[in-house]
Amino acid sequence: MLLDNNRRNPSDIQPSEITPVEVFEQRRTLLKAASAITTSLLLPAYAKAATATLDAKKTAYGKDEKLTSYEDVTSYNNYYEFGTGKEDPAREAVLFKPTPWTIKIEGAVKQAKTLSIEQLLALAPLEERIYRMRCVEGWSMVIPWIGLPLKALIDWAQPTGNAKYIEFISYNDPRHMPGARLPVLDWPYVEGLRMDEAMQPLTLLAVGLYGKVLPNQNGAPVRLVVPWKYGFKGAKAITTIRFVEKMPTTTWVKAGPREYGFYANVNPQVDHPRWTQSSEKRIGAGLFAGRIKTKMFNGYDEVGQLYAGMDLKKNF
């Protein structure tokens, strides 16, 4: 694949350039202290509202799982628009303004629409769902998301018979997103799902976590959560949802088609070209906790029927 002279191909990034989990753990105490000082000085009134609680119905999803701490969930993030380091989003997204917010509904629908975040929240009762989240990099978390089924928005949008896929486009503003000034990826961030994947009851539009409004570094005000797929499928700060007939060319497929497929289903039998996917490191489990075995579809076996008859090594 050819890239311009300034953009780095993800396959050229060496493992030595990725901050090890162990190093990150050792730096955490210092970073938290610095972050607390910075936040107290810079946090404007609208951002403080992100600590507001959300009323959501408890569900049985993941009720027996051990949660990853709120501190880990909100300080160890991949959100390249705010930087490629795991600690960058929590620091750089402090001044990001997720309100007011609107989402455009376009493409193969009866009528193009725009809805506010308040209208989105009114489409269905909010639910708390505890999901496992598996990153393609080989680490994982357990997160108590708050959101509504994507199906509720799809039903409201009234797609036509030509809608075979859904494309999600994230907010992109280099003025306020320092990572978006760099040619690391082709901005804006784009993700997509097949319609039957989008309609699957597990697929969630998340607006919060741990009982609170979604933090900026986790994709405020609304992000996609598809728990049987690798985390990069979870488009953050969604501004446009487009119903299309052809499979969209997503950001990571464009950046590294041999490494990051459109489906991105968690599959311990299909390794990343540069590391194994058979096991994972649970963030927050401790330096000596060891790795745990990765489950097919991240343990959400009910989605297997979506891929009956498909070659999952080819369609990775």
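Scoring rules and cut-offs
- Residues numbered from 1 in each chain as written.
- Predicted model: local features only at pLDDT ≥ 70, side-chain atom pairs only at ≥ 80, totals over all residues.
- Heavy atoms only, no water.
- Helix = DSSP H or I, 4+ residues; strand = E, 2+ residues; numbered from the N terminus.
- Buried < 20%, exposed > 50% of the residue type's maximum accessible area, 1.4 Å probe, protein only.
- Contact = heavy atoms within 4.5 Å.
- Areas by Shrake-Rupley, 256 points an atom, 1.4 Å probe, with all protein chains shown as cover.
- pLDDT = per-residue confidence, 0-100.
- Pairing = 2+ DSSP bridges.
- Phe/Tyr/Trp six-rings, centres within 6.5 Å; stacked < 30°, edge-to-face > 60°.

Colleague: Where do I start with the overall build of the chain in this structure?
Modeller: Helix and strand counts for the chain come out as eight helices and 13 strands. Buried positions account for 51% of the 316 residues belonging to the chain. Sequence separation of at least 24 residues holds for 73% of the intrachain contacts in the chain that already meet a minimum separation of 6. For the chain, the exposed area adds up to about 15000 Å²; of that, 54% sits on carbon and sulfur atoms.

Colleague: I'm lost on the confidence of the model for the chain in this one. Help?
Modeller: Interpreting fine coordinate detail is not advised for predicted regions of low pLDDT. Averaged over all residues, the pLDDT of the chain is 89; the fraction at 70 or higher stands at 84%. A low-confidence stretch, residues 1-7 stays under pLDDT 50, and its non-local contacts, those more than four residues away or across chains, total twelve contacts. Here residues 22-48 scores under 50 on pLDDT; set against residues more than four positions off or in separate chains, the count is 26 contacts.

Colleague: What is the right way to read the pairing of strand 12 (residues 279-282) from this model?
Modeller: Side-chain direction in a regular strand flips from residue to residue, so the side chains alternate between the two faces of the sheet. Of the two faces of strand 12, the one carrying Ser-279 and Lys-281 and the one carrying Glu-280 and Arg-282 are both buried. Here strand 5 (residues 139-149) runs beside strand 12; their pairing, made up of two bridges, is parallel. Within strand 12, the residue paired with Ser-140 across the bridge is Arg-282. As judged from the two bridges shared by strand 12 and strand 13 (residues 292-293), these two strands associate in the antiparallel manner. Considered in strand 13, the bridge of Glu-280 is made with Ile-292.

Colleague: Whenever I open this one, unusual backbone geometry confuses me. Can you help?
Modeller: For residues other than glycine, phi is negative in most cases, and the peptide bonds are mostly trans. With omega at -5 degrees, the peptide bond leading from Thr-99 into Pro-100 counts as cis. Position of Pro-100 relative to the elements: it lies in the loop between helix 4 (88-92) and strand 2 (102-107). Omega for the bond connecting Ala-220 with Pro-221 falls within 30 degrees of zero, at 0 degrees, which places this linkage in the cis form. Relative to the elements of secondary structure, Pro-221 occurs in the loop between strand 9 (212-213) and strand 10 (223-225). If you check the backbone angles, Gln-158 has positive phi at about 55 degrees while not being a glycine. Turning to its location among the elements, Gln-158 is positioned in the loop between helix 6 (150-157) and strand 6 (165-170). Even without being a glycine, Ala-237 presents a positive backbone phi close to 45 degrees. You can see Ala-237 is positioned in the loop between strand 10 and strand 11 (238-244).

Colleague: Explain the packing of aromatic side chains here, please?
Modeller: Any two aromatic rings considered together are summarised by their centre-to-centre distance and by the angle between their planes. Evaluation of the coordinates by the stated rule reveals 16 aromatic pairs. When the centroid spacing of 5.8 Å and the interplanar angle of 85 degrees are considered together, the rings of Tyr-61 and Tyr-131 count as edge-to-face. Of the two residues, Tyr-61 sits in the loop between strand 1 (57-58) and helix 3 (70-75) while Tyr-131 sits in strand 4 (residues 127-134), which places them 70 residues apart along the sequence. Judged by relative accessible area, which is 0%, Tyr-131 ranks as buried.

Colleague: Got a minute to help me understand the pairing of strand 6 in this structure?
Modeller: For strand 6, the buried fraction is high: six of the six residues fall into the buried class. Across the two faces of strand 6 the burial is the same, with Tyr-165, Glu-167 and Ile-169 and Ile-166, Phe-168 and Ser-170 all buried. Alignment of strand 6 against strand 11, held across six bridges, turns out to be antiparallel. Within strand 11, the position partnered with Glu-167 by the bridge is Arg-242.

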